[in-house]
Every structure is written in structure tokens, then in C-alpha cells.
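Here's the letter readout for the chains.
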Amino acid sequence: MKIKQVFNNNVISARDEDDLEIVIIGNGLGFMKKPGDDVLEENIEKIFTIENTEISKRLTTLLEEVPEDIFDISDEIIKLAKLTLGKNLNDIIYVSLTDHIHYAIERNKKGMDIKNGLLWEISRLYNEEFTIGKKALNIINKHTSIQLPEDEAAFIAHHIVNAELNEEMTNVVKITKVTQEVLNIVKYHFNIDFNTTSLAHHRFVTHLKFFAQRIFSGLDYAPKEEFLHAIVRDKHKKAYNCTERINTFIENTYNYTLSNDEKLYLTIHINRVVSQVLTTKKS
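Here is a short report on the structure shown in this document. Note that the structure is a prediction, hence the values are computed from the model and not measured. (Residues numbered from 1 in each chain as written. Predicted model: local features only at pLDDT ≥ 70, side-chain atom pairs only at ≥ 80, totals over all residues. Heavy atoms only, no water.)

With that settled, the discussion passes to the overall build of the chain. A tally of regular secondary structure across the chain gives 11 helices and four strands. Each principal axis of the C-alpha distribution contributes one length, and for the chain these read about 70 × 45 × 35 Å. The buried share of the chain, taken over its 283 residues, is 48%. If you take every contact in the chain between residues at least 6 apart in sequence, the share linking residues at least 24 apart comes to 65%. (Helix = DSSP H or I, 4+ residues; strand = E, 2+ residues; numbered from the N terminus. Buried < 20%, exposed > 50% of the residue type's maximum accessible area, 1.4 Å probe, protein only. Contact = heavy atoms within 4.5 Å.)

Below is the structure:
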């Protein structure tokens with residue numbers, strides 16, 4: 001493959017064997033290179049091809065507008081997120097996060113930092129991603145000597161969650177809101193405070209994220225466990241009563257009715273997280 005354009009030390013465009021333009025990311029791919037040089041294929045980390053033409057176009061436009069070090073910062077944060085979470089992230093994060101960091105730095109220079117209204121929720125519901133966000137602020141500071149406020153750690157976390165769930169940012173805001181609403185129903189139904197560091201709470205929140213995602217996508221839970229649903233309903237009556245309360249709230253607020261399978265798994269998670277809190281209180 002031959003280089004078509006050098007954007008910075010780590011990003012180039014080229015043409016593949018079908019003569020289609022592609023954007024390639026890799027350590028040192030553009031260093032001391034010029035159009036017409038061979039692509040160092042062993043250094044390739046990511047290729048944006050015709051399969052994601054829209055992302056390729058947006059990334060190309062962005063690379064022409066933002067300073068080279070901003071993309072390097074974004075790439076370092078994305079690598080950190082992938083390594084920490086052990087997950088693939090939607091390619092859109094290369095565009096959305098780079099663009100956000102660029103404007104966050106520009107706003108900071110003008111004294112126009114933005115408050116994040118979901119800072120509290122994000123820090124608790126997406127603890128891993130928020131921790132990455134805080135580390136991202138250190139990465140940004142290392143490269144630019146600019147210290148962005150903690151609100152930006154939450155914004156960065158939101159972009160990571162967006163890439164994990166493959167959702168638009170507006171939906172991630174809605175998902176976060178529903179997750180917090182359901183947690184509040186459980187909290188006040190049982191008059192408890194959650195142990196947010198427990199594995200049971202982490203699993204419950206993870207379930208709620210995808211539960212909320214199904215609400216806004218209109219998808220139903222795939223398994224059909226009618227027999228098990230009846231057993232769980234009768235065995236964990238208090239937790240199931242809370243589930244029915246959640247169902248009523250979701251119906252009235254979001255016009256979405258929980259299937260019996262969703263009630264089943266929600267009840268199991270509620271019983272587990274509540275039992276963990278009550279057991280801790282007794283010990």
C-alpha cells in the first residue's frame with residue numbers, strides 16, 4: 001500500500017487493493033513519510049474502510065482541523081480505555097472523543113468550562129469509565145499543561161460508555177437517567193443505601209444499563225423463562241413487588257412494559273443486591 005496523505009505521525013490515508021481510500025492509524029506510520037511512500041504494514045493498529053465510510057469521512061475532516069497532539073491525546077485515552085475495560089469500542093469514539101477534547105481545551109483557554117449535570121450519576125453508575133476519565137485528564141495535562149475540571153472526566157466517561165453501548169450520546173443520557181431512577185425506586189422501596197463497591201451492585205447497574213438500552217431501542221428480552229419466572233416471583237416476593245413497582249413507573253413514564261423475562265432477571269438482581277446490603281448490616 002502507498003501513502004496518499006500524512007495527517008500526523010500516527011495517522012495517514014492510503015488506497016487499498018481495491019483502490020478505495022482508507023484512513024490508517026498506527027504508531028509512527030506518518031513519521032518522516034510523504035505521499036507515495038510505502039505503508040509500514042507491521043505498524044498498523046486500526047483501519048477505517050468503506051464499511052464505515054461515514055466515520056472515515058468525519059475522521060478525515062477532523063484530522064485536517066485539529067492539532068496533531070489532540071489526536072495523539074485521544075488515541076492514548078482510547079488505548080487506555082480498551083486495555084482497562086477489556087472491550088472493543090465503537091470506532092465513532094475516534095471522532096467524538098477527539099472532537100470533544102479539542103473543544104474542551106479551547107473552552108478552557110477562554111475560561112468557558114462547562115458543568116456536567118450528570119457528574120454525580122456518571123461517577124457512580126459508570127465508575128470504571130469515570131476512573132478512566134480522570135486518568136484522561138492527567139494525560140491531557142501531560143501533553144498540554146492544561147488541567148481540565150472533573151466535569152470533563154464525566155464527559156469523557158460518557159463518550160466511552162457511548163462507544164461501549166454503540167449508542168448515540170442522547171440515548172446514553174437517557175440510559176443514565178433510567179438507571180438512576182430504577183436505583184432510586186429500589187433504594188426507597190427497601191429503605192437502604194447501596195454498597196456501591198460490591199460486586200452485586202456492579203452487576204445490577206450493568207443489567208440496568210442494558211435494560212434501559214432496550215427501553216429506547218424497543219427490543220424485548222430474548223429468553224422465554226415462564227416456568228422460572230413463576231418460581232422466582234413466589235420465592236422472592238418482596239423483590240418481585242419492587243419489580244412490579246418499577247414496571248408501573250416505566251409504563252407510565254416511558255410507555256414500555258416489562259416482559260416476564262425482564263421481571264425475572266430484574267427480581268434476581270434486586271434480591272441479590274438488597275440481600276447483600278442487609279447481610280452487611282447484620283455483620
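This paragraph deals with the packing of helix α2 (residues 68-85) against helix α5 (residues 127-144). One way to put it is that α2 packs onto α5 with a least axis distance of 10 Å and a crossing angle of 150°. Between α2 and α5, the interaxial angle falls into the category roughly antiparallel. Like other packed secondary-structure pairs, α2 and α5 cross with a definite hand, here right-handed. Contacts from D69, I73, E76, I77, L80, A81, T84 and L85 in α2 reach E128, E129, I132, K135, A136, I139, I140, K142, H143 and T144 in α5. Here the contact of α2 with α5 is built from residues that sort into nine nonpolar, three polar and six charged. (Axes fitted to C-alpha atoms, helices over the stretch in contact; angles between N-to-C directions. Parallel < 35°, antiparallel > 145°, perpendicular 65-115°, else oblique. Left-handed = near helix turned anticlockwise from the far one by under 90°. Nonpolar A, V, L, I, M, F, W, Y, C, P; charged D, E, K, R; others polar.)

For the pair helix α3 (residues 93-109) and helix α6 (residues 150-165), interaxial distance at closest approach is 10 Å and the crossing angle is 170°. By the angle between their axes, α3 is roughly antiparallel relative to α6. Here I93, S96, L97, H100, A104 and R107 of α3 come into contact with α6, specifically with E152, F155, I156, H159, I160 and A163. Each residue belonging to the contact of α3 with α6 can be placed in one class, and the counts come to seven nonpolar, three polar and two charged.

Another point: the nonpolar core. Residues I77, I246 and I270 are the most contacted members of the largest nonpolar core, which totals 73 residues. For this core, the leading source of residues is α6, giving eight residues. Other than its neighbours up to four places away in sequence, I77 contacts L97, I101, A136, I139, I140 and I156. (Core = buried A, V, L, I, M, F, W, Y, C linked by side-chain atoms within 4.5 Å.)

Strand residues, when the strand is regular, have side chains that alternate between the two faces of the sheet. Bridge count for strand β1 (residues 3-8) against strand β2 (residues 11-15) is four bridges, and the pairing is antiparallel. The residue bridging N8 from the neighbouring strand is V11, located in β2. From the end of β1 to the start of β2, which pair antiparallel, there are two residues. (Pairing = 2+ DSSP bridges.)

The next subject is a nonpolar patch on the surface. Together, F227, L228 and I231 give the surface a local cluster of nonpolar side chains, amounting to about 310 Å² of exposed area. Mapped onto the elements, L228 comes out in helix α9 (residues 226-235). L228 gets classed as partly exposed once you look at its relative accessible area, which sits at 34%. (Patch = residues over 30% accessible without salt bridge, like charges linked within 9 Å, V, L, I, M, F, W, Y side chains within 5 Å. Areas by Shrake-Rupley, 256 points an atom, 1.4 Å probe, with all protein chains shown as cover. Salt bridge = Lys/Arg side-chain N within 4 Å of Asp/Glu carboxyl O.)

Okay, the packing of aromatic side chains next. The description of an aromatic ring pair rests on the distance of the ring centres and on the angle between the ring planes. The final tally for this structure, using the stated rule, is two aromatic pairs. Taken together, a centroid distance of 5.7 Å and an interplanar angle of 90° make the contact between F216 and Y254 edge-to-face. Taken together, the residues span a long stretch of sequence, with F216 in helix α8 (residues 199-217) and Y254 in helix α10 (residues 237-254) at a distance of 38 residues. Judged by relative accessible area, which is 27%, F216 ranks as partly exposed. Ring geometry for F249 and Y254: centres 6.4 Å apart, planes at 75°, overall edge-to-face. The class of F249 is partly exposed, set by a relative accessible area of 25%. Ring-pair connections join several aromatic residues into one group, and the members of that group are F216, F249 and Y254. (Phe/Tyr/Trp six-rings, centres within 6.5 Å; stacked < 30°, edge-to-face > 60°.)

Take the sheet that holds strand β4 (residues 46-48) next. Pairing is antiparallel across the open sheet formed by four strands, whose spatial order is β1-β2-β3-β4. The open sheet is flanked by β1 and β4, the only strands paired with a single partner. Going from strand to strand, the sheet's axes swing by 25° on average, the running direction of each strand aside. Here α2 sits on the sheet in contact with β1, β2 and β3 (21-25), set at roughly 85° to β1.

Counted under the stated rule, the structure contains 14 salt bridges. Here K46 makes a salt bridge to D91, at a shortest N to O gap of 2.9 Å. Note that K46 is positioned in strand β4 and D91 in the loop between α2 and α3, a separation of 45 residues in sequence. Assessed through its relative accessible area of 23%, K46 is described here as partly exposed. D193 is the partner of K187 in a salt bridge, and the nearest nitrogen-oxygen pair spans 3.7 Å. The class of D193 is exposed, set by a relative accessible area of 54%.

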